[in-house]
Amino acid sequence: MSDPILVVIFLRGGADALNIVSPTADQNYIAARPDMLRVARGGDAQGIRLGDGLADVEFRMHRNARELADLFAAGDLSVIHATGLTEATRSHFDAEAQIERAASGGEAGGWLGRWLEAEAPGGPLPALAVGTAMPESLRGYHPAVAKKLSDLTVATGHWLAPALQARLADGFGDHGALAKTSQELLALSKVLEHRLWMPKQDAFRTYSPSVKYPGRNRLSPALMTVAQSIKEDLGLRVATVDYGGWDTHANQQGTFDRNLRGLSLALMAFWRDLGPRQQDVSVVVMSEFGRRLRSNASGGTDHGRAGAMLVLGPQSKGGRLLGRWPGLHNDALEMGADLAVTTDYRAVLSEIMAGHMGLKDTSRVFPGLDAPAPGLFA
Amino acid sequence: MLNRRAFNLSVLLAASAAALRPDSVLARTQDPDEILLNRLTFGATPGSRERLSSLGRADWLKEQLSLPPDDRALMAHLRTLTLRIKYAQRKGKSGPLWAATDELRPLDMLHTPPEERLKLTQNEPARAGPERRRPAHEVIAASLPRAVHAEAQLREVMTQFWHDHFNVYAEKGRLSAAFFPDFDRDLRAHALGNFRELLGKVATAPSMLDYLDNSRSKASPANENFARELLELHTLGAENYHNAQSADWRDVPRIEGGLAAGYVDEDVYEVARAFTGWSIGVGRRIGSAHLPATGQFAYVASWHDPYQKRILGRDFSSNRAPMADGEEVLDMLATHPGTARFICRKIVRRLLIDDPSDALVARLAKEFLRWSEAPDQIGRVIQMLVEDPEFADTPPSKLRRPFELLAALYRTSGARVGSPEGRFYWQLASAGWRQHMFPPPTGHPDRTEDWASSTVMVRMIEMAMSAHEPWFDTTRDRLDALMPKDVETFGDLTRHWARQAHGDPGDGLDDLLQAVGVTPEDPLPKDAGDQRHLAAMALTFAAMSPRYLYR
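Residues numbered from 1 in each chain as written. Chains lettered and ligands numbered in written order. Predicted model: local features only at pLDDT ≥ 70, side-chain atom pairs only at ≥ 80, totals over all residues.

Caption draft 1: Representation of the overall build of chain A. Each helix and strand in chain A was counted, giving nine helices and 14 strands. Here the C-alpha atoms of chain A give a radius of gyration of 21 Å, agreeing with the 21 Å that 2.2 N^0.38 yields for 378 residues. When the backbone C-alpha atoms are referred to their principal axes, chain A occupies close to 70 × 45 × 40 Å. Every one of the 378 residues in chain A was classed for burial, and the buried ones make up 58%. In chain A, of all internal contacts separated by at least 6 residues, the share reaching a separation of at least 24 is 72%. (Helix = DSSP H or I, 4+ residues; strand = E, 2+ residues; numbered from the N terminus. Rg over C-alpha atoms; globule rule 2.2 N^0.38 Å. Buried ≥ 20, exposed ≤ 12 C-beta atoms within 10 Å, placed from the backbone. Contact = placed C-beta atoms within 7 Å.)

Below, the structure is given as structure tokens:
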């Protein structure tokens with residue numbers, strides 16, 4: 001087995017967890033939303049029942065997340081419900097910044113950045129932020145940022161590439177924003193050129209996944225890049241993938257249903273594509289917050305509090321709903337409006353860092369965390 | 001992709017790959033005029049250098065602050081531009097819904113009145129998506145030629161700033177797309193003007209009302225999307241969000257005059273109620289309301305939640321005049337010291353440095369509040385910033401972002417820019433810059449560390465190498481033709497491009513000459529294609545230096 005790998009998929013915008021994994025029999029739930037914004041026990045919108053539920057409450061997975069329900073049934077996927085920030089915020093910016101930094105006392109960097117900085121893993125590509133921007137969670141470390149691996153090569157195939165590379169290597173000095181970037185990029189470029197560049201064809205070798213990924217899906221190309229990086233043995237330890245579009249204030253149904261379908265199909269394709277490398281990988285799916293229990297007057301839901309986290313990977317014992325379900329009675333809601341947070345999201349991440357990534361002292365990554373592990377590995 | 005065409009000159013085949021260490025350009029002190037131009041414009045040009053040196057810095061700034069939008073040359077240029085529209089035919093149940101279309105059209109939507117563009121949003125007749133989105137696409141297509149060619153450069157820089165500050169994802173919906181030209185025009189018109197007036201334009205702009213869902217917000221419960229971003233992104237900023245410190249709205253500390261120092265979630269809920277009924281004249285009946293067919297802001301009294309509210313500690317009585325609730329909220333926010341600090345800090349971050357000193361921000365915020373009634377409030381803040389000793393004393397540390405780099409490359413070369421295929425948009429998107437199409441309401445980030453990534457660096461190199469290639473399809477001008485006739489040797493070539501890029505021919509591109517295997521005295525090849533290619537490399541090498549990339 002190789003070094004363990006963590007993949008974090010962030011659902012940007014505040015995913016409506018109450019419409020992903022839902023207490024379908026709860027009368028408060030049924031009363032708070034129109035049919036199109038909730039999972040049903042029967043009929044066309046019937047959800048897929050998840051085992052024995054949580055604390056005698058029946059939970060069902062949205063019908064568009066069939067593959068996630070399959071992974072749950074197969075014992076690979078766990079759901080931790082009612083998770084989130086312990087301090088109330090309903091601002092995207094604030095919630096994302098807090099949740100990705102995970103630093104209660106103002107410590108520097110993001111939680112993944114702190115781990116990478118301390119662990120200092122070797123290899124040409126220890127951390128990859130798939131996309132065009134680095135998420136806050138990696139702050140404090142210099143991850144590679146790219147949509148595909150060939151985007152991390154400098155002027156490959158050009159006759160003046162060596163001189164241009166030399167200019168970049170020498171020209172940006174030891175400080176300034178581009179100093180470290182250019183050094184790391186040039187080193188990585190060399191490795192990737194060696195692995196992927198076909199001089200005769202004047203092209204990069206394209207990735208051939210072992211299963212077909214769903215087309216017309218924003219998540220597929222990103223997860224293919226992660227799968228390729230894993231299979232190329234580039235020393236990948238951490239990958240982040242952003243999957244946006246969950247801020248559904250109005251006319252939620254169409255957007256939400258499409259997003260969830262895309263997540264479910266692409267994640268299943270990624271998981272099957274990994275094949276035997278599943279052994280090395282854990283995937284966390286999270287968002288900055290859940291959404292309001294009661295829908296608004298424009299067919300959508302406003303910013304809420306607790307959401308749900310999904311953990312996929314053979315190291316944890318899947319097929320279980322974890323956490324403590326606070327219920328949806330008015331008294332149980334935060335400010336009478338939102339699903340209350342009963343599990344500190346950091347407790348979930350911390351347990352994965354310990355149980356999967358083998359981190360012995362989690363207090364460096366999650367300073368000040370004093371919450372019991374939800375029991376992913378118990 | 002890069003231009004990898006074989007380069008078959010014999011002199012070049014002998015090229016040595018050994019590189020010479022480039023001059024330590026960081027150590028060199030830079031010309032303050034050059035720094036000023038790089039901060040306040042989309043890049044220095046020979047013309048702007050000359051203008052600045054003949055007027056002097058103070059008068060040049062005054063001129064930039066007073067130039068109106070849309071100079072005549074720019075308008076004439078925009079009128080010559082075309083943008084392709086292309087889609088397949090669609091059949092309906094009873095015949096074709098629309099015919100296949102593939103044509104180059106002028107940017108007419110920029111001048112079409114909103115009630116005409118409103119038709120693009122209606123269900124009947126059926127229309128292809130690209131027709132409905134056309135107004136937004138035209139604004140995007142015009143944005144690069146504006147950045148490159150506008151005489152009012154500072155206004156253009158600030159227009160882009162406000163586009164990011166008041167971000168609208170132009171294609172979010174039919175309405176946001178159809179009315180995006182109006183939004184763009186309003187931001188440009190008020191870019192250096194009065195903040196309250198600008199804020200009022202934004203809060204009533206159909207594109208914004210659609211993007212942040214306020215056009216659908218009615219009692220009750222109200223839609224909170226606009227209200228939250230108004231507080232968090234447009235005015236007070238997340239730095240004045242007191243939710244973590246104050247469990248209850250009564251606990252939020254007050255400032256002079258009795259207003260709360262910041263906001264909590266209850267303020268968001270109340271502000272959302274204040275803006276119920278602020279909608280768009282879409283020309284149809286929605287529920288109980290009939291909206292006029294204007295394609296402009298419309299107030300729907302029957303959707304408004306008229307009862308008492310408490311916002312930032314101030315009581316609003318019930319049943320006030322139409323729009324009075326929302327207008328008063330905008331008044332309170334536009335003159336709040338928290339807003340002044342937030343806006344001024346962002347302006348400094350745009351024009352000078354990521355993390356300005358609190359003292360500088362405080363000086364500017366004071367000026368911002370002092371001139372809150374003035375028609376040139378924003379311009380005065382910028383002027384104070386530029387005249388502040390910290391402005392001159394701060395070394396360049398801001399990385400040009402992808403859009404700014406691309407515009408600068410064309411200003412450096414002197415090429416005329418249009419984009420018949422709109423292809424520059426995709427080039428920028430691959431570097432994380434989605435011009436007017438950035439989905440989250442935060443807009444493009446403005447900290448250098450957000451852009452100093454491997455992928456952006458790779459894209460910047462590619463842009464420098466290929467921005468003038470035919471396939472890039474943004475300019476018809478070729479680099480060989482843009483060079484003066486007296487560029488005859490390799491030394492002339494590198495001196496020319498160093499001067500264009502840095503205002504100083506002395507920043508040698510010796511490493512390029514060395515790699516090509518020539519001396520400065522060697523004559524340039526006569527072939528136009530070879531000259532073009534060498535010019536692109538000279539431009540690339542000149543651009544890939546700290547003094548070009550940092551401003």
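So, next bit.
Caption draft 2: Structural view of the overall build of chain B. Broken down by element type, chain B carries 28 helices and 10 strands. With the C-alpha coordinates aligned to their principal axes, the bounding extent of chain B is approximately 85 × 70 × 40 Å. The 551 residues of chain B split such that 52% are buried. Sequence separation of 24 or more characterises 73% of the internal contacts of chain B that already satisfy a separation of 6 or more.

Caption draft 3: Inspection of the pairing of strand E3 (residues 95–98) of chain B at higher detail. Direction of pairing for strand E2 (residues 90–92) of chain B relative to E3 of chain B: antiparallel, over a ladder of three bridges. The residue of E3 of chain B that forms the bridge with Lys 91 of chain B is Pro 96 of chain B. (Pairing = 2+ DSSP bridges.)

Caption draft 4: Structural view of the pairing of strand E1 (residues 5–11) of chain A. Residue and element names in this part refer to chain A. By the criterion of burial, E1 is predominantly enclosed, with seven of the seven residues buried. Neither face of E1 is left uncovered, since the one carrying Ile 5, Val 7, Ile 9 and Leu 11 and the one carrying Leu 6, Val 8 and Phe 10 both have all their residues buried. Relative to strand E11 (residues 281–287), E1 runs parallel, the two being bridged by seven bridges. Following the sheet pairing, Phe 10 is matched in E11 by Met 286.

Caption draft 5: Local environment of the confidence of the model for chain B. Residue and element names in this part refer to chain B. Mean pLDDT for chain B: 92, with 95% of residues reaching 70 or above. Long-range and interchain partners of residues 1–28, a stretch whose pLDDT sits below 50, account for 56 contacts in this model, where long-range means more than four residues apart. Scoring of the predicted complex yields 0.88 for pTM and 0.84 for ipTM. (pLDDT = per-residue confidence, 0-100.)

Caption draft 6: Up close: the sheet that holds strand E3 (residues 48–49) of chain A. All names here are of chain A. Here three strands make up an open sheet; going across it, the order is E2-E4-E3 and the pairing antiparallel. The two strands at the open ends of the sheet, each matched to only one other strand, are strand E2 (21–22) and E3. Pairing analysis gives two bridges linking E3 to strand E4 (residues 60–61), with the strands arranged antiparallel. Residue pairing for E4: Arg 49 is matched across the bridge by Arg 60.

Caption draft 7: Examining the environment of Leu 37 of chain A more closely. All names here are of chain A. Among the structural elements, Leu 37 can be located in the loop between helix H1 (27–32) and E3. Overall, the presence of 21 C-beta atoms within 10 Å leaves Leu 37 in the buried class. In this structure the C-alpha to C-alpha distance between Leu 37 and Gly 300, which are 263 residues apart in sequence, comes to 7.9 Å.

Caption draft 8: Geometry of the packing of helix H13 (residues 225–234) of chain B against helix H14 (residues 265–274) of chain B. Residues and elements named next belong to chain B. At a closest axis distance of 8 Å, the pairing of H13 and H14 adopts a crossing angle of 120 degrees. Here H13 is positioned oblique relative to H14, judged by the angle of their axes. By crossing handedness, the relation of H13 to H14 is classed as right-handed. Facing Ala 227, Arg 228, Leu 230 and Leu 231 of H13, the residues of H14 in contact are Asp 267, Val 268, Val 271 and Ala 272. Split into classes, the residues belonging to the contact of H13 with H14 amount to six nonpolar, no polar and two charged. (Axes fitted to C-alpha atoms, helices over the stretch in contact; angles between N-to-C directions. Parallel < 35°, antiparallel > 145°, perpendicular 65-115°, else oblique. Left-handed = near helix turned anticlockwise from the far one by under 90°. Nonpolar A, V, L, I, M, F, W, Y, C, P; charged D, E, K, R; others polar.)

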